[in-house]
Amino acid sequence: MFYEPDALFESDLTEVRALFSITENDSVAENAYVHLLTAWQLQNTAGAKPLQRSILQHYVLCVEAIVTGVMTSIRRERGDSIRLEEREFAAEFAETLSKRANKPEAIREASTELRRIGLINMLPSIATVASVLRVPDNLKDQAVDLYRFRSSNLSHPGRDKPEAYKEWLANGPTVEQFCRADIVARNFLAAYCKRSAGIE
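Quick summary incoming for the structure in this document. If you're wondering where the values come from, they're calculated on a predicted model, not measured in any experiment.

On to the overall build of the chain, then. In terms of helices and strands, the chain carries nine helices and zero strands. Sequence-distant contacts, at least 24 apart, represent 70% of the contacts inside the chain between residues at least 6 apart. Only carbon and sulfur atoms are counted for the fraction: they give 52% of the accessible area of the chain, which is about 12400 Å².

And the structure:
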């Protein structure tokens, strides 16, 4: 499925060795790489069209592994401020709940707000991690779109629309170009590995 590899020069070796080392020794990078490798293997399977859901799911899981790993560190660093904001919100919510006519709706809204405070929601987390890893804005936006596509299409049973998958899984106009989902996943993994290895 891939074009012939470019030549590897001496100047590239430091970065390549660092990337290999990170994927072997860092559980976040290893998990993301396993999902990326699985997507490649499924995509390279003869008659892979029925596997489109699984292929795309593994690309998303690659990005998700990176985002979750980085956000775990961020939440740990901001733990005290998060807990303080959560306590303040809980106290305010307890005072105002009795005045709300629609209590189930108030509880749902509070749950959403607590997830925001706790830095748990995936879409804002993708944006945060993209900024930390210095992933370009266009790839950050594509990662958000890819996650939304997964949430709205892959998470629900039903007949799939082939054209919806084609947007993410079709190769570019030339054989040298990878599909959009692959580009997003590889760039998040590469950015994570470079940051972990201290490579700018």
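Once you've had a look at it, read on.
Before going further, it helps to examine the packing of helix H6 (residues 122-133) against helix H9 (residues 180-197). The axes of two packed helices give the description: the angle between them and the distance between them. Packing of H6 against H9 leaves a shortest axis separation of 9 Å and a crossing angle of 50°. By the criterion of interaxial angle, the relationship of H6 to H9 is oblique. Crossing hand, H6 versus H9: left-handed. Counting all contacts with H6, which are made through Ile 126, Ala 130, Val 132 and Leu 133, the residues of H9 involved are Phe 188, Ala 191, Tyr 192 and Arg 195.

A separate point is the layout of surface pockets. Each pocket or cavity is described by its volume, and for the second largest pocket that value is around 250 Å³. Lining the second largest pocket are 12 residues, and of these Leu 133, Arg 134, Ala 191, Lys 194 and Ile 199 lie nearest its centre. Those elements that provide at least two residues to the lining of the second largest pocket are H6 and H9. Counting residues per element, the lining of the second largest pocket draws most heavily on H9, at five residues. Residue classes in the lining of the second largest pocket are distributed as seven nonpolar, one polar and four charged.

Attention now goes to the packing of aromatic side chains. In this description, a pair of aromatic rings is defined by centroid distance and the angle of the planes. Inspection of every chain in the model, using the stated rule, returns one aromatic pair. Taking the centre distance of 6.5 Å and the plane angle of 85° together, the rings of Tyr 33 and Trp 40 count as edge-to-face. Among the residues examined, Tyr 33 registers a relative accessible area of 32% and is labelled partly exposed. Directly above the ring of Trp 168 sits Arg 180, whose terminal nitrogen or CZ lies 3.9 Å from the centroid.

The phi torsion at Arg 134 lies on the positive side, around 60°, for a residue other than glycine. Along the polypeptide, Arg 134 turns up in the loop between H6 and helix H7 (137-154).

Another point: the nonpolar core. Ranked by size, the top nonpolar core spans 45 residues in total, and within it Tyr 59, Ile 66 and Phe 188 carry the most contacts. Of all elements in the fold, only helix H2 (27-43), helix H3 (52-77), H6, H7, helix H8 (162-169) and H9 reach the threshold of two or more residues within this core. Among the elements that take part in this core, H3 stands out by supplying 12 residues, more than any other. Setting aside residues no more than four positions away along its own chain, Tyr 59 makes contact with Leu 36, Ala 39, Trp 40, Gln 43, Leu 169, Cys 179, Ala 181, Asp 182 and Ala 185.

Taken as a whole and assessed by the stated rule, the structure comprises four salt bridges. The salt bridge partner of Arg 150 is Glu 64, with a shortest N-O separation of 2.7 Å. Of this pair, Arg 150 sits in helix H7 while Glu 64 sits in helix H3; the two residues are 86 residues apart in sequence, bridging distant segments of the chain. Given the relative accessible area of 9%, Arg 150 is considered buried. Across the pair Asp 182 and Arg 186 runs a salt bridge whose closest N-O atoms are separated by 2.3 Å. With a gap of four residues between them, Asp 182 and Arg 186 both fall in helix H9, about one helical turn apart.

Bringing the packing of H2 against H9 into the picture now. Orientation of H2 relative to H9, taken along the N-to-C sense of each, is 155°, at an axis distance of 10 Å. Classed by the angle they form, the pair H2 and H9 counts as roughly antiparallel. Here H2 runs over H9; the crossing is left-handed. Mapping the contact onto sequence places Val 28, Ala 29, Ala 32, Tyr 33, Leu 36 and Trp 40 in H2 and Asp 182, Ala 185, Arg 186, Leu 189, Tyr 192 and Cys 193 in H9. Across the contact of H2 with H9, the residue classes tally to 10 nonpolar, no polar and two charged.

What counts, and where the lines are drawn
Residues numbered from 1 in each chain as written. Predicted model: local features only at pLDDT ≥ 70, side-chain atom pairs only at ≥ 80, totals over all residues. Heavy atoms only, no water. Helix = DSSP H or I, 4+ residues; strand = E, 2+ residues; numbered from the N terminus. Contact = heavy atoms within 4.5 Å. Areas by Shrake-Rupley, 256 points an atom, 1.4 Å probe, with all protein chains shown as cover. Axes fitted to C-alpha atoms, helices over the stretch in contact; angles between N-to-C directions. Parallel < 35°, antiparallel > 145°, perpendicular 65-115°, else oblique. Left-handed = near helix turned anticlockwise from the far one by under 90°. 1 Å grid on protein atoms, 1.4 Å probe; cavity = no way out; pocket = protein on both sides within 12 Å on 5 of 7 lines; lining within 4 Å. Points joined across faces, edges and corners; volume = space filled by probe spheres on them. Nonpolar A, V, L, I, M, F, W, Y, C, P; charged D, E, K, R; others polar. Phe/Tyr/Trp six-rings, centres within 6.5 Å; stacked < 30°, edge-to-face > 60°. Buried < 20%, exposed > 50% of the residue type's maximum accessible area, 1.4 Å probe, protein only. Lys NZ or Arg CZ within 6 Å of the ring centre and 35° of its normal. Core = buried A, V, L, I, M, F, W, Y, C linked by side-chain atoms within 4.5 Å. Salt bridge = Lys/Arg side-chain N within 4 Å of Asp/Glu carboxyl O.

The values are spatial; any link to function lies outside them.
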